[in-house]
Amino acid sequence: MDRNTIIGLLLIVGMLLGYQFLMPEEKPQPQKPQQMGVPKKNVSTAATLDTAALGSFSSAAKGTSQEVVLENKDVRVTFSTQGGRIKEVLLKNYKTYDQKPLYLFDEKGSRLGLELPNGPGKVDASQLFFNTTDQSQVVAENGSGTVAFTLQLASGQTIEQRYTLPGKGFTLGYDLNAKNFGGNARLFWSHTIDRTEKDVNKLRNESTINYLTTDESFDHLSQNSSGTEEQTLEEPVKWLSFKQMYFVSGLVGEGTNLSGVKLKSTAFPDNNEENLKTLEAEVQLPAADLAAGKGKFKLYFGPNDYQLTTQVAPDFNENVYLGYAFLKPVNRYVFVPLFNLLGGFISNYGVLIFVLVFIIKLILTPLTYKSYISMAKMRVLQPELAALKEKIGDDDAQKMQQEQMKLYQQVGVNPLSGCVPQLLTLPILMSVFFLFPNLIELRQQPFLWTNDLSSYDDLIKFGFSLPILGNHISLFTVMMTGSSILFAYYNNQTTVSTPGPVDYRTLGYIMPLMFFFIMNSFPAGLAWYYLVSNLITIGQQQLIKRFVDEDKIKAILEENRRKISSGEKKKSKFSEMLEKQLKAAEEAKKQAEAQANKKKK
């Protein structure tokens, strides 16, 4: 989690606790990357490799490289007979931030290779030419397509790599069989994270390697934005993944767990805005497992979508960050299902967010109503509180507090009852704060003046970068901040000012301004959510105000005062607690006065 996220989270909590409710270096211009051409089918290239050190593999070191393509409605995978390897993976329904084809794997920056035992050393399978009789094919939606690459050596050693692509989706079956080898093989995978998103800093920070151990423990390399991190895992893992902001590539062990795993992450310098980070993984493959048919794996190259990743492997959906453990249930069982439900019939995600906020606010209306009633009770008591303050003065804050507590006890009012209902909404606000920056559903979704709700809108751009603010101003964030200040204004009209070291009324205006600098680089969809939330809450309060009779509330409080003083009405637990505190305070005051008198004598 980066610094801005942490600061933003703390500000959300501060705003809630402060006024009870949240309503919510200029770098060189990068050269445009060259668009990668569409791979041609069955392209043949003659190649001759050095056979001196290949030993029994030397007969396979000469051949012709050919491409074979498996394609379904979602993905196109290009293979090469040289190494029997994956050459390119194109996501057909996604584009980069600048609307170019999105390759999640390409031979310029990615490699998924196999290293085989060769006497005392090893040989890289990419130096060998495999045979295949399979042709390129477009897989029907209800079918599956397979391409197999085989190699048979004179010494009796055989290798088969079989890839299976279903008619839809982003998973690719990978079966590896190797017989008559005396040592373990090694699978190595490297991938350079290229710029696919508008927010290059966020993409660099969030690109990392995740994995799930055999004891169901999910972990990852740190999301470092600079330097190199290496890690050797002591226990096997069920799967590992190269996770980006909105896309993920994964390797899942199906026939056996992944053992001898080594991971490495290397960040490029900050001034490189096209190549951001290199992720590397190495897995040991026991010869006995490969010979026994246990070399079965599943590859995933696709969007980091919660519903899709759930189907890949157990806990593979952990690649989608849903916030802290206590927030995950809110996102998992409330927001993600609601997004999927509403997305089924609302195509505009700006409208979808509006409807989502309306539903959430409708559900939370009882809490809003209870909070307003509590504040109305405090307003009714304001004349008596003002009289107490005038009587006691500003010099004796402790006595003033005691008299306030006594008044609350007499009329049966709990001053915290207005705060508690709103604190119950805190998980909702925090959940959204973590979820929206990770929702691929918002990626490249246009709304009003922005063409991507998953990133900041930069309608107002500078020709330079300012500290904290950056090189732009988000208009959605400006509007969100304005609505937060408007809410603070209305909230101050209905909230009683209480004495203390903090002026919460003023804080209600300051906190939105501070939050603006954090939210300026957050997704426009998140700022839109908070903007709508603020406006609906203001509307709710104005509507509730029309139905609340403060004279009737005053009469009820007076009746409570009469019944409590006469003993007709049982004291509430809060009143009993206040009474105990008052007695304790009085006792402490008497002891302090007694000690002072002794010292005078």
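Everything numeric in this text was worked out from a predicted model, so none of it was measured. (Residues numbered from 1 in each chain as written. Predicted model: local features only at pLDDT ≥ 70, side-chain atom pairs only at ≥ 80, totals over all residues. Heavy atoms only, no water.)

Caption draft 1: Seen up close, the overall build of the chain. In terms of helices and strands, the chain carries 16 helices and 22 strands. Counting every position in the chain, which comprises 601 residues, the buried fraction comes to 50%. Summed over its atoms, the accessible surface of the chain is roughly 28400 Å², and 54% of this surface lies on carbon and sulfur atoms. (Helix = DSSP H or I, 4+ residues; strand = E, 2+ residues; numbered from the N terminus. Buried < 20%, exposed > 50% of the residue type's maximum accessible area, 1.4 Å probe, protein only. Areas by Shrake-Rupley, 256 points an atom, 1.4 Å probe, with all protein chains shown as cover.)

Caption draft 2: A nonpolar patch on the surface, seen in detail. Among the surface-exposed residues, Leu448, Trp449, Leu459, Ile460 and Met479 lie close enough to one another that they form a single nonpolar patch of about 460 Å² accessible area. Looking at where Leu459 falls in the secondary structure, it is placed in the loop between helix H11 (426-435) and strand E21 (460-466). (Patch = residues over 30% accessible without salt bridge, like charges linked within 9 Å, V, L, I, M, F, W, Y side chains within 5 Å. Salt bridge = Lys/Arg side-chain N within 4 Å of Asp/Glu carboxyl O.)

Caption draft 3: Representation of the packing of aromatic side chains within the structure. Following the criterion strictly, the structure yields 31 aromatic pairs and no others. One aromatic cluster is present, built from ring pairs that chain together Phe335, Phe339, Tyr349, Phe436, Phe515, Tyr529 and Tyr530. A cation over an aromatic ring shows up here: Arg379 above the ring of Tyr372, its NZ or CZ 5.2 Å from the ring centre. (Phe/Tyr/Trp six-rings, centres within 6.5 Å; stacked < 30°, edge-to-face > 60°. Lys NZ or Arg CZ within 6 Å of the ring centre and 35° of its normal.)

Caption draft 4: Examining the nonpolar core more closely. Residues Phe79, Ile86, Leu116, Leu240, Leu251, Leu263 and Leu285 are the most contacted members of the largest nonpolar core, which totals 72 residues. Broken down by element, the residue count for this core peaks at five residues, all from strand E19 (residues 275-285). Ignoring anything within four residues of it in the chain, the contact list for Leu285 reads Leu114, Leu176, Asn184, Ala185, Leu187, Leu290 and Phe297. Membership of the second largest hydrophobic core comes to 42 residues, among which are Val330, Val336, Ile428 and Phe447. (Core = buried A, V, L, I, M, F, W, Y, C linked by side-chain atoms within 4.5 Å. Contact = heavy atoms within 4.5 Å.)

Caption draft 5: How the structure looks around helix H5 (residues 328-343). Along H5, the largest kink reaches about 25° and is centred on Phe335; proline Pro337 follows within four residues of it. At its buried positions, H5 is contacted by helix H4 (306-310), helix H6 (349-363), H11 and helix H14 (524-547). (Bend = angle between axes of the 7 residues up to and from the residue.)

Caption draft 6: Main features of the sheet that holds strand E11 (residues 171-179). Pairing is antiparallel across the open sheet formed by eight strands, whose spatial order is E9-E10-E11-E20-E17-E16-E13-E14. With one partner strand each, in any of the chains shown, strand E9 (144-152) and strand E14 (218-220) form the two edges of the open sheet. For this sheet, the mean angle separating the axes of adjacent strands, direction not counted, is 15°. Inspection of the sheet shows strand E13 (residues 208-213) paired to strand E16 (residues 237-243) by six bridges, in the antiparallel sense. When the sheet's bridge partners are listed, Tyr211 is paired in E16 with Leu240. (Pairing = 2+ DSSP bridges. Axes fitted to C-alpha atoms, helices over the stretch in contact; angles between N-to-C directions.)

Caption draft 7: Spotlight on the environment of Lys294. Take Lys294: it is sitting in the loop between helix H3 (287-291) and strand E20 (296-303). Look at Lys294 and you get partly exposed, because its relative accessible area is 40%. Between the C-alpha atom of Lys294 and that of Asn257, which follows or precedes it by 37 residues, the distance is 9.6 Å. In this structure Lys294 touches Gly255, Thr256 and Asp289, once residues within four positions along its chain are discounted.

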